[in-house]
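# Remarks on the overall topology
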Amino acid sequence: MSRIENEKTTVSQMIHLYCRSHHGSRKLCEQCGELLVYALSRLDHCRFGDSKPTCKNCPIHCYKPSMREHMRRVMRYAGPRMLWHHPLAAIRHLSDGLFGACRRG
């Protein structure tokens, strides 16, 4: 699976975890659904492609401020819980954030 596809999977899992807990449904609410569509679109158009850093380490912030703040809330909540719900995705995301810059040069 490509780096972008891995990011899409991780972002989707994080948004679903957040929405289920905060909005009480297994199906995404309208606001979280919009965030997911927006995030996937941003990943599709990422100028770095498969050498993309994690968003936290990216020199370009491509999210609109409102979406960026919503994603920040999602990641703060879902990040620690990913180890329990989606451990492989969480470990991959953590290692990309910690060691990704070393691999890219």
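For the structure, see preceding data.
Attention in this report is confined to the structure presented alongside it.

Axes are the key here: two packed helices are described by the angle between their axes and the distance separating the axes. Here helix 2 (residues 30-44) crosses helix 3 (residues 65-85) at 105°, and the two axes come no closer than 11 Å. In this view, helix 2 runs roughly perpendicular relative to helix 3, as classed from their interaxial angle. Across the interface between the two elements, Gln 31, Cys 32, Glu 34, Leu 35, Tyr 38 and Ala 39 of helix 2 pack against Met 67, His 70, Met 71, Arg 73 and Val 74 of helix 3. Its residues assigned to classes, the contact of helix 2 with helix 3 shows 7 nonpolar, 2 polar and 2 charged.

Their axes nearest at 10 Å, the elements helix 1 (residues 3-23) and helix 2 cross at an angle of 170°. It follows from the interaxial angle that helix 1 and helix 2 lie roughly antiparallel. Pair helix 1 / helix 2 crosses with right-handed handedness. In contact with Ile 4, Glu 7, Lys 8, Val 11, Ser 12, Ile 15, His 16, Tyr 18, Cys 19 and His 23 of helix 1, helix 2 contributes Cys 32, Leu 35, Leu 36, Ala 39, Leu 40, Leu 43 and Asp 44. The residue makeup of the contact of helix 1 with helix 2, split by class, is 11 nonpolar, 3 polar and 3 charged.

Rules behind the numbers
Residues numbered from 1 in each chain as written. Predicted model: local features only at pLDDT ≥ 70, side-chain atom pairs only at ≥ 80, totals over all residues. Heavy atoms only, no water. Axes fitted to C-alpha atoms, helices over the stretch in contact; angles between N-to-C directions. Helix = DSSP H or I, 4+ residues; strand = E, 2+ residues; numbered from the N terminus. Parallel < 35°, antiparallel > 145°, perpendicular 65-115°, else oblique. Contact = heavy atoms within 4.5 Å. Nonpolar A, V, L, I, M, F, W, Y, C, P; charged D, E, K, R; others polar. Left-handed = near helix turned anticlockwise from the far one by under 90°.

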